[in-house]
Amino acid sequence: MWMTSLVDRYKSRPEDGTFNDMCIATFASEYRVLSKSENCKNAIQLGNHCGSVTKRTRTQPAVVCYARFSEDKYREAFCQSILQLFLPYRVDEQLRPPSFEKFQQFYENGHVRLSDGSMHSVKDVVDVNRGSFEIEADELDKIQDIIDSEGLFEDAWCELCPEKELERLECKEELKDREPLEEYEVNPTGEGNVPDLAAVGEPVAQVANLEKKNNMCRSDGLALIRSLNEIQLSVFYQVRQWCLEKVAGKKPDALHVFLTGGAGTGKSHLIKAIQYEATRLLSTMCRNPDNICVELTAPTGIAAYNLHAATIHNTFGIGIDVRLPYTPLGEERLSTLRAKYSDLQLVIIDEISMVDHKLLAYVHGRLRQIKQVGDFSPFGNVSVIAVGDFFQLPPVKGKALYVEDECCKSV
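Just so you know, these numbers come straight off a predicted model, no measurement behind them.

### Here we look at the confidence of the model for the protein
Phase 1: Averaged over the protein, the pLDDT score is 79; the fraction of residues at 70 or greater is 79%.
Phase 2: Put simply, helix α9 (residues 204–214) is where the protein has its lowest mean pLDDT, 43, and strand β5 (residues 119–121) is where it has its highest, 94.
Phase 3: With pLDDT under 50 throughout, residues 181–214 is counted as low confidence; its partners more than four residues away or in other chains account for 62 contacts.

This is how it looks when you write it as structure tokens:
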């Protein structure tokens, strides 16, 4: 089933004085989509069977997230993105008429007629709308460029935790003595070279966007992979190969992997490496730059905090009191999760020993609802990597996924 996107709803907005001159950024921030079961006296019907929306109140603010491109380095991509965000349009051709070869030309030299019949330059219309969302954006970009090139003049974290800074510098010095990891790493399983994401025909702007999405640059990612030991690398390359097959359209079976090891064996280290590389590869399949393709989660707040992740309950909208049989999620909340996880391919669950059987059943149920699968495939055909040690902490409440059989214990 094809899901109606925000762009589809925006193009199908009513043709009146309120909506005709409205850009998609304003539409997304000031209006919210109503579920089919939601009754609202102020509902606004959209065309083309795209449902209905209602105006947000001051108690329901919305933050608009979108990709940003460098105005100097990627001028054409920058102009295309701000036209899509801040120029009112009904069809895609209005963003770049046939008489203009590039988006930059239309942005700088084009004119549009607004609903009142007046003519305005495209640049004026875009800049006025953009100013409502990007306050002093140019100044902030300049500051970010200075930080990227010269670094921060004062590092408060170093003063708060000098021992951690010393440890970081020692590790950095140690890495200098190691041979650099090549972009085309030889797979230890002997299957030949593993291609890089931007090997052939990949736009530079898109690759830069993906690295920003990972919150880790390529050099740091390679350093992270370089630090894995032989056993960790064997697992890492199996997951990486699965990602490459997904990107190539080969439709491999979903992964169901259990990683275990005692405390201090580097499980969290391996998780970060898998999350980085899987996100880097699978992001190319996302239909929206903000969509999530790899989700990292854990059963408790402390475990999730250590991984910079969210808890299982928060990620999948599961209440604290989990009871079987499975209770399906409501349509409104489910629509939000479907929009967020429409491109979800891989879920990594840390501290699996603290997940009880009912909670895992709810993860399976939520993923089946989100992905709308017609069969009973485990986890809605989403790959799951469970990480943990069953000899460590059990669930706070409920039955553990694995319990040692009494008859197997030594006397």
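### A closer look at the sheet that holds strand β8 (residues 310–311)
Phase 1: Taken in spatial order, the five strands line up as β6-β10-β9-β7-β8 in an open sheet, and their pairing is parallel. The sheet is open, and its two borders are formed by β6 (256–259) and β8, each paired with just one other strand.
Phase 2: Where strand β7 (residues 294–298) and strand β9 (residues 346–349) come together, four bridges link them in parallel fashion. Opposite glutamate 295, over in β9, you have valine 347 as the bridge partner.
Phase 3: Here helix α12 (residues 267–282) sits on the sheet in contact with β6, β7, β9 and β10 (383–387), set at roughly 155° to β7.

### Here's the deal with the state of the cysteines
Phase 1: Throughout the structure, instances matching the rule amount to zero disulfides.
Phase 2: Cysteine cysteine 286 shares no disulfide, and the gap to the nearest cysteine sulfur, in cysteine 293, comes to 4.3 Å.
Phase 3: Residue classification places cysteine 286 among the buried positions, given a relative accessible area of 15%.

### Description of the packing of helix α11 (residues 230–247) against α12
Phase 1: In the contact formed by α11 and α12, the axes pass within 10 Å of each other and the chain directions differ by 15°. By the criterion of interaxial angle, the relationship of α11 to α12 is roughly parallel. Between α11 and α12 lies a crossing whose hand is right-handed. From α11, Gln232, Val235, Phe236, Val239, Arg240, Trp242, Cys243, Leu244, Lys246 and Val247 reach across to α12, where they touch Leu270, Ala273, Ile274, Glu277, Ala278, Arg280, Leu281 and Leu282.
Phase 2: Classifying every residue of the contact of α11 with α12 by side-chain character gives 13 nonpolar, one polar and four charged.

### Quick look at helix α15 (residues 331–340)
Phase 1: Among all positions of α15, only Leu334, Leu337 and Arg338 are buried. The buried residues of α15 all sit within an arc of 100° when viewed along its axis, so they share a single face.
Phase 2: Next to the buried residues of α15 lie α14 (312–316) and α16 (357–371).

### Comments concerning the nonpolar core
A general feature of soluble globular proteins is that nonpolar side chains tend to end up buried together.
Phase 1: Counting 29 residues, the largest nonpolar core has Phe236, Ile274, Ile348 and Ile385 as the members making the most contacts within it.
Phase 2: Every element with two or more residues in this core is listed here: α10 (218–226), α11, α12, β7, β9 and β10.
Phase 3: The element best represented in this core is α12, accounting for eight residues.
Phase 4: Excluding residues that lie within four positions of it along the chain, phenylalanine 236 makes contacts with Ile225, Leu228, Leu270, Ala273, Ile274 and Glu277.
Phase 5: Counting residues in each nonpolar core, the second largest holds 28 residues, with Phe27, Leu87, Phe100 and Val122 among its members.

### Regarding the side chain of aspartate 389
Phase 1: Turning to its location among the elements, aspartate 389 is positioned in the segment after β10.
Phase 2: Notably, aspartate 389 is buried but unbridged: the nearest opposite-charge side chain belongs to lysine 267, and the N-O separation is 5.6 Å.
Phase 3: With near-sequence residues (within four places) excluded, aspartate 389 lies in contact with Thr260, Gly261, Gly262 and Ser353.

### Topic: the pattern of salt bridges
Phase 1: Tallied over the full model, the rule gives ten salt bridges.
Phase 2: Arginine 218 serves as the salt-bridge partner of glutamate 277, at 3.4 Å between the closest nitrogen and oxygen. Here the residue glutamate 277 occupies a position in helix α12, and arginine 218 occupies one in helix α10, the gap between them amounting to 59 residues.
Phase 3: You can call glutamate 277 buried: its relative accessible area is 2%.
Phase 4: Several salt bridges share partner residues, and in doing so they unite Arg218, Arg240, Glu277 and Arg280 into one network.

What counts and how
Residues numbered from 1 in each chain as written. Predicted model: local features only at pLDDT ≥ 70, side-chain atom pairs only at ≥ 80, totals over all residues. Heavy atoms only, no water. pLDDT = per-residue confidence, 0-100. Helix = DSSP H or I, 4+ residues; strand = E, 2+ residues; numbered from the N terminus. Contact = heavy atoms within 4.5 Å. Pairing = 2+ DSSP bridges. Axes fitted to C-alpha atoms, helices over the stretch in contact; angles between N-to-C directions. Disulfide = S-S within 2.5 Å. Buried < 20%, exposed > 50% of the residue type's maximum accessible area, 1.4 Å probe, protein only. Parallel < 35°, antiparallel > 145°, perpendicular 65-115°, else oblique. Left-handed = near helix turned anticlockwise from the far one by under 90°. Nonpolar A, V, L, I, M, F, W, Y, C, P; charged D, E, K, R; others polar. Arc of directions from axis to C-beta. Core = buried A, V, L, I, M, F, W, Y, C linked by side-chain atoms within 4.5 Å. Lys, Arg positive; Asp, Glu negative; His and termini not counted. Salt bridge = Lys/Arg side-chain N within 4 Å of Asp/Glu carboxyl O.

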